Amino acid sequence: MVKVCVPRDSSALSLGADEVAAAIAVEAVRRGAAVRVVRTSSRGLFWLEPLVEVETPAGRIGFGPVDAADVPGLFAAGFLGGGEHALGVGPVAEIPFLKRQERLTFARAGVTEPTSLVDYEAHGGLRGLRRALSMAPAAVVEEVVASGLRGRGGAAFPTGIKWRTVAAAEAPRKYVAVNADEGDSGTYSDRMVMEGDPFVLLEGMAIAGYATGASHGYVYVRSEYPHAIAALEEALAVLRAAGWYGADIQGSGFGFDAEVRVGAGAYICGEETAMLESIEGRRGMVRFKPPLPAIKGLFGMPTVVNNVVSLASVPVILDRGARFYADFGLGSSRGTLPIQLAGNVRRAGLVEKAFGVTLRELVEEYGGGTRSGRPLRALQVGGPLGAYFDSSLLDLPLDYEALARHRGMVGHGGIVVFDDTVDMAAQARYAMEFCAVESCGKCTPCRIGSTRAQELIDRILRGEDAPANHAQLLKLCDVMESASLCALGGMAPWPVLSALRYFPGDFGLPPATEAARVV
Amino acid sequence: MWSELRALRDEIDYGTPPRDGAPVTLTIDGVAVTVPAGSSVMLAAAEARRAVPKLCATDMLEAFGSCRVCLVEIEGRRGYPASCTTPVEPGMAVRTRSDRLQALRAGVMELYLSDFPAADIPGGWSELHEVIQATGVAQHPYGRGENHLDAPVDESNPYFLFDPAKCIVCSRCVRACEEVQGTFALTIEGRGFASKVAASQGQPFLDSECVSCGACVQACPTQSLVEKSLFVGGYRRADSP
Ligand SMILES: Cc1cc2nc3c(=O)[nH]c(=O)nc-3n(C[C@H](O)[C@H](O)[C@H](O)COP(=O)(O)O)c2cc1C
Ligand code: SF4
Ligand code: SF4
Ligand code: FES
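In this text, all values refer to a predicted model and were calculated from it rather than measured experimentally.

Cut-offs and rules
Residues numbered from 1 in each chain as written. Chains lettered and ligands numbered in written order. Predicted model: local features only at pLDDT ≥ 70, side-chain atom pairs only at ≥ 80, totals over all residues. Heavy atoms only, no water. Helix = DSSP H or I, 4+ residues; strand = E, 2+ residues; numbered from the N terminus. Rg over C-alpha atoms; globule rule 2.2 N^0.38 Å. Buried < 20%, exposed > 50% of the residue type's maximum accessible area, 1.4 Å probe, protein only. Contact = heavy atoms within 4.5 Å. Areas by Shrake-Rupley, 256 points an atom, 1.4 Å probe, with all protein chains shown as cover. Lys, Arg positive; Asp, Glu negative; His and termini not counted. Charge placed at Lys NZ, Arg CZ, Asp CG, Glu CD. Near = heavy atom within 4 Å. Nonpolar A, V, L, I, M, F, W, Y, C, P; charged D, E, K, R; others polar. Polar contact = N/O pair within 3.5 Å; in protein donor to acceptor, adjacent residues only side chain to side chain. Salt bridge = Lys/Arg side-chain N within 4 Å of Asp/Glu carboxyl O.

A.B. asks: When you look at the overall build of chain B in this model, what are you seeing that I'm missing?
C.D. replies: A count of helices and strands for chain B gives six helices and eight strands. Listing every helix and strand of chain B by position from the N terminus yields α-β-β-α-β-β-α-α-β-α-β-β-α-β. Taken against the 2.2 N^0.38 rule, which gives 18 Å for 241 residues, the C-alpha radius of gyration of chain B at 18 Å falls within 12% of a compact globule. With respect to the three principal axes, the spread of C-alpha positions in chain B is 55 × 40 × 35 Å. In chain B, which comprises 241 residues, the share counted as buried stands at 54%. When contacts within chain B are restricted to residue pairs at least 6 apart in sequence, those whose partners lie at least 24 apart make up 64%. Accessible surface computed for chain B: about 11,000 Å², of which carbon and sulfur atoms make up 51%. One way to put it: in chain B the 22 positive side-chain charges average out to a point 5 Å from where the 30 negative ones average out.

A.B. asks: It is not clear to me how the overall build of chain A should be interpreted in this structure. Could you clarify?
C.D. replies: Across its full length, chain A carries 24 helices and 16 strands. Considering chain A as a whole, with its 519 residues, one finds that 62% of them fall into the buried category. Side-chain charges of chain A comprise 51 positive and 58 negative groups, with the mean position of each set lying 3 Å from the other.

A.B. asks: Hey, could you run me through the site of ligand 3 in this one?
C.D. replies: Around ligand 3 there are 14 residues in total, and Cys167, Cys170, Ser171, Cys173 and Cys220 of chain B lie nearest to it. Residues that form the shell around ligand 3 fall into these classes: ten nonpolar, three polar and one charged.

A.B. asks: What should I look at first to understand the site of ligand 1 in this one?
C.D. replies: Residue and element names in this part refer to chain A. Neighbouring ligand 1 are 20 residues; Gly153, Asn179, Asn306, Asn307 and Ser310 lie closest to it. Taking Gly153, its main chain carries an N or O atom lying 2.7 Å from an oxygen atom of ligand 1. The contact in question runs from an oxygen atom of ligand 1 to an N or O atom on the backbone of Asn307, over 2.7 Å. When residues of the shell around ligand 1 are traced back to their parent elements, those giving at least two are β9 (303-307) and α22 (487-491). No other element matches β9, which puts three residues into the shell around ligand 1. For the shell around ligand 1, the per-class residue count stands at six nonpolar, eight polar and six charged.

A.B. asks: Looking at this structure, how should I read the environment of Gly88 of chain A?
C.D. replies: All names here are of chain A. Here Gly88 is to be found in strand β5 (residues 88-91). The partly exposed category is assigned to Gly88, whose relative accessible area is 35%. Gly88 sits 23 residues away from Pro65 along the chain, and the two C-alpha atoms are 9.1 Å apart. Excluding residues that lie within four positions of it along the chain, Gly88 makes contacts with Gly62 and Phe63.

A.B. asks: Is there a simple way to explain the pattern of salt bridges in this structure?
C.D. replies: Here the idea is simple: oppositely charged side chains can pair when their charged atoms come close. Counted according to the given criterion, the structure contains 47 salt bridges over all chains. For Asp478 of chain A, the salt bridge goes to Arg100 of chain B, with nearest N and O atoms at 2.8 Å. With Asp478 of chain A in helix α21 (residues 466-483) and Arg100 of chain B in helix α3 (residues 99-113), the pair connects residues from two separate chains. Through salt bridges with shared partners, a single ionic network connects Arg43, Glu53, Glu55 and Arg60 of chain A.

A.B. asks: Can you walk me through unusual backbone geometry in this structure?
C.D. replies: Peptide bonds are trans in most cases, and residues, glycine excluded, mostly fall at negative phi. Here Lys289 of chain A and Pro290 of chain A are connected by a cis peptide whose omega angle stands at -5°. Note on placement: Pro290 of chain A falls in the loop between α12 (272-279) and β9. Cis rather than trans, the peptide bond between Pro290 of chain A and Pro291 of chain A has omega equal to 5°. Along the chain, Pro291 of chain A turns up in the loop between α12 and β9. The backbone of Gln250 of chain A shows a phi angle near 50°, a positive value even though the residue is not glycine. Mapped onto the fold, Gln250 of chain A is located in the loop between α11 (226-241) and β8 (257-262). Unusually for a residue other than glycine, Asp29 of chain B sits at a positive phi of about 50°.

Structure (structure tokens):
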């Protein structure tokens, strides 16, 4: 019986993975070949999707991108034995894009069957939770503090410190609320965790619950992620049946359960307080802080709010120890980050690397440069509110402080690549339009400011008194940055200001002085 | 009736409701002041007679933090926290006036005025006008852009009217309806720039769940919701100059 793995991650599904899986099954029957088609998830090598992997004594041999029409030819070429074929990519683990990564959080992505607990445990799953349950809750919190893990949702707040606050709060009930709203354009790491390895998220949640004294969790998933929702529901049922979720987990006396909530479909619902409002059944409106959610969160109770990737990184920290995790990365950026390459890039996909990898390595070595083959002109790092950088900054290491020094941010780890045909003024206008469309409307700098900023950009682009409108735009951006209630209004100026700084010519403005470029 | 209610109120609007925690001492512009724990920095500033401009806050409602004209500086903290939503802490050193704060408040006021009837800026009376005075901002640099100046006036209620052109979407009426009256007749409909006050499901006030208690009118800082009795011969929008 030959095991043939076909991904069921939505990226592969959108490229016909179901048809490929069916075609392989049909062709196997027709040829009387003993084949077991297993639905794994994606490795995150999107240019190869659907990537079919055949298990051989020499490891998994890959073929991709496979179309259902290619299947008879693959059989004819003897792909079940790893035979030569035009779509062959050789041993998957040896593909440089994958081989040079440091996959801790994504160790099982594309390897295991996402909702098979046997497979999960065979690949290191549940070891973190087992160890956590053998420790005092406070020691678990300190382990996460020592790992240096910072929130991967965007704000980069130290996860362990947040847990400490929740653990110290006295309350009749506490919660863990997972932010799976993943609204940043060009990002998909949360989705890949939930579809490809849902147990790791649920394990991380249970550890968070144990460490902080929370008994109930919510996973707030955006409605555009039906496959993630289904995988989580299935994984939850499996864990409950095996006694890893529910009352008295494995006889430890600790009880924890969770439910999935489907998001309301607005970018602002990813902001943690708006998410809490939405989970409580209200409109996704930002709450002011303090009180922090860690003290007064869901239903007024202390709540751990963490991003999917943050929590999915916890099991490996508990399993291998804080030191192991902290040895990746540098300075105050510890561990690994799943970077998501998108836009005009030859090899789009997920790169999990220790902090410190340079933008150039990511875009050129992993990404293979632009898909168009034209020169790279700009990058946007950190989602729709992240700064645009020009190619002079390609040697910046990806770490929180290095990007902050250049008025940029790591955010959720998305990098979008643009070639030299991009109009950066149009991009800047689009970024501000995004803020205007997504503004919750609560605070004035964002509610009115985002619309006025768009109008100012339009006037600059029409050449109407450009110097005066430019000066006013800078003043308005300052008010939005300093006076907005949340980071949507507070950071919407970043893409605009960075585009003005690095690409003034696109706005019809004179070149920026060196002083304006060096920040 | 509502003017009587207004007269009954304490002359000073402390911005946020009183609390009764243990005494906390802090300084506001160098002046020591002691207020109960749980009080806002805004209340402490009013106590110290160093009142901070405010629009979305009033002491009969819980703080909301939306208008951003009440920003202050606090020693040892980054940024410009809103004084209405920041609780006092012992030893806190708060600055309510600086060039930087003035610039930010002016920037916010310019945004308000960019969607406010120009003819109503000079000479009017309302809390908004007090803040216009306090910040010295009586015009805006934005030219004509998207606005709500032509939105129709709702005169359906016999006692008061709603002129959306003057509305700054501070939610005070919505919150007064909920918190003071316990009715849920008002909401903010839409998002972003399109956010607007709506009675029930976007109905005229008279057809909504409004019980004509006037709590919203009393709470409104701009006379967007205003008693009809103030307008002899009916309400007319001021002509643009
Ligand atoms: C406008 C806006 C959108 C956000 N969207 C998300 C999101 O989609 N997913 C997420 O995890 N965090 C998002 N955040 C960050 C959250 O507010 C919060 O910092 C995060 O969920 C905390 O988890 P972490 O510490 O594990 O990152 C957003 C923040 C803002 C201001
Ligand atoms: S900055 Fe924008 S999204 Fe955030 S609270 Fe203000 S209006 Fe809402
Ligand atoms: S009607 Fe008055 S109180 Fe209500 S939101 Fe508008 S300005 Fe504020
Ligand atoms: S008065 Fe503080 S934000 Fe409005």
